[in-house]
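Tertiary structure, described
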Amino acid sequence: MGVLDAPGADVLAKIVGATPYDEPTRGGMLLMLDSLIVPLLVTTDLPPDADLDEFGRLLADTVRTLRHGEASYAGFLHGGVFWLDRPGPPAHDGGPAPSLADELRFAALIGFLSISGPRRPVKEVVADASGAITEAVAVRYGDLGSPPAVMAIRTEDVRERTPPSALLVRTADAVAELVAVTRPYM
C-alpha cells in the first residue's frame, strides 16, 4: 500500500510492519522509501601513511548523495574497512628508498550500499558510486596510479569476507529510512 500523504514525504513511501527502532513512523508503522540495497566491494591503493578509519569515513560520506546525470539520490553505506596487505619493509641503510608505488598499501571496504528513490539498475548504482568514490579518493590522496575498483558482490560475501578486525564505518547523517532498511543486513 502506498502512502502519498505522508507528512514531509517527497517520494512514494511504503508502510511496512511495526518497528522497534526510533525511526520516523506514522500510526506506529515505519515509513519506508523505495530503496535498493547493493552489497559492495571497494578496493584501492592508498599512501603508506593513510589512516584506515579516515579512508572508511571518506567512502561512507561520499555516497550520502549520489548523482546520475542531473538527478541525485540519497545513499547510505554500512561496512568494514581493512588493509589487504601488510606494510612494506623499511628501506635498508645505504640502499635505495622504495618508490611511492612500492610503498602504496592496498585497502578495501566491504559492506552494503542502500539507495532511495525510483528503482535503478544495480549496474547504474555501482557506476554512480564508483564515479563519486574515484573523485573523492583522487581529491583526498592525489593520483595513485589507478582508480578505486568498485563492484557489486554477493550478499554472502559481505559476511564471509569481512575480517573480524575490520573497522566499521557508516554514512553519518543518512536518511533515517535508509538506515532502517539496511539494519537487518548490519
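None of the values given here were measured: they were computed from a predicted structure. (Residues numbered from 1 in each chain as written. Predicted model: local features only at pLDDT ≥ 70, side-chain atom pairs only at ≥ 80, totals over all residues. Heavy atoms only, no water.)

So, the packing of aromatic side chains
Heads up, the rule is: Two aromatic rings from Phe, Tyr or Trp, using only the six-membered ring of Trp, form a pair when their centres are within 6.5 Å; if the ring planes differ by under 30 degrees the pair is stacked, by over 60 it is edge-to-face, and anything between is tilted. Remark: a charge is flagged as sitting over a ring if the NZ atom of Lys or the CZ atom of Arg is within 6 Å of the ring centre and within 35 degrees of the ring normal.
Scanning all chains against the criterion turns up 0 aromatic pairs. A cation sits over an aromatic face here: R105 above W83, 3.9 Å from the ring centre.

Regarding the nonpolar core
The criterion, for reference: Side-chain atoms within 4.5 Å link the members of a nonpolar core, which is a set of buried Ala, Val, Leu, Ile, Met, Phe, Trp, Tyr and Cys residues. Working definition: with a 1.4 Å probe on protein chains only, accessible area under 20% of the residue-type maximum means buried, over 50% means exposed, and in between means partly exposed. Runs of H or I in DSSP of at least four residues are treated as helices and runs of E of at least two as strands, each being numbered from the N terminus. Residue contacts are counted whenever heavy atoms from the two residues lie within 4.5 Å of one another.
Counting residues in hydrophobic clusters, the biggest one holds 29 residues, and the most contacted among them are L40, F55, L59, L77 and L113. Contributions of two or more residues to this core are made by strand 5 (35-46), helix 1 (52-62), strand 7 (71-83), strand 8 (105-116) and helix 3 (122-141). Broken down by element, this core gets its largest block of residues, 6 residues, from helix 3. Excluding anything up to four places from it in sequence, L40 contacts L77, L109, I110, G111, L113, V126, V150, M151, A152 and I153.

Observations regarding the pattern of salt bridges
The cut-off we apply is this: One side-chain nitrogen of Lys or Arg within 4 Å of one carboxyl oxygen of Asp or Glu is enough to make a salt bridge.
One pass over the full model with this rule turns up 8 salt bridges. Each of R154, E156, D157, E160 and R161 takes part in salt bridges that share partners, so that together they form one network.

Observations regarding the confidence of the model for the protein
Rule in force here: On a range of 0 to 100, pLDDT expresses the predictor's confidence in each residue.
The predicted model of the protein averages 79 in pLDDT, with 72% of residues at 70 or higher. Looking over the protein, one finds the lowest element-wise mean pLDDT in strand 2 (residues 13-18), namely 28, and the highest in helix 1, namely 97. The low-confidence segment residues 1-32 (pLDDT under 50) makes 52 contacts with residues lying over four places distant or belonging to another chain.

Section: helix 3
Condition: Expected span of a helix, by definition, is 1.5 Å for each gap between consecutive residues, and there is one gap fewer than residues.
If you check helix 3, its first and last C-alpha atoms are 28 Å apart, about what 20 residues at 1.5 Å a residue would give, namely 28 Å. Taken as a whole, helix 3 has its buried residues at E124, V125, V126, D128, A129, S130, I133, A136, V137 and Y141. For helix 3, the elements touching its buried residues are strand 5, helix 1, strand 6 (65-68), strand 7, strand 8 and strand 9 (149-152). A positive phi of about 80° marks G142, the residue just after helix 3.

Examining the environment of T162
Keep this limit in mind: Two N or O atoms count as a polar contact when they lie within 3.5 Å, although within protein this holds only if one can serve as hydrogen donor and the other as acceptor, and sequence-adjacent residues are included solely when both atoms are side-chain atoms.
Take T162: it is sitting in the loop between helix 4 (155-161) and strand 10 (167-170). A C-alpha to C-alpha distance of 6.3 Å links T162 and I110, two positions 52 residues apart in sequence. If we ignore the near neighbours within four places in the chain, the residues touching T162 are I110 and D157. For T162, the side chain forms a polar contact with the main-chain oxygen of V158, separated by 2.5 Å.

A word on helix 1
What counts is decided by this rule: This arc describes the spread of directions from the helix axis toward the C-beta atoms.
Those residues of helix 1 that sit buried are L52, F55, G56, L59, A60 and T62. Taken down its axis, helix 1 places every buried residue within 170° of arc, on the same side. Summarising the contacts, the buried residues of helix 1 are in contact with strand 5, strand 6, strand 7, strand 8, helix 3 and strand 10. Residue D51 occupies the N-cap position of helix 1, its side-chain oxygen lying 3.3 Å from the main-chain nitrogen of D53.

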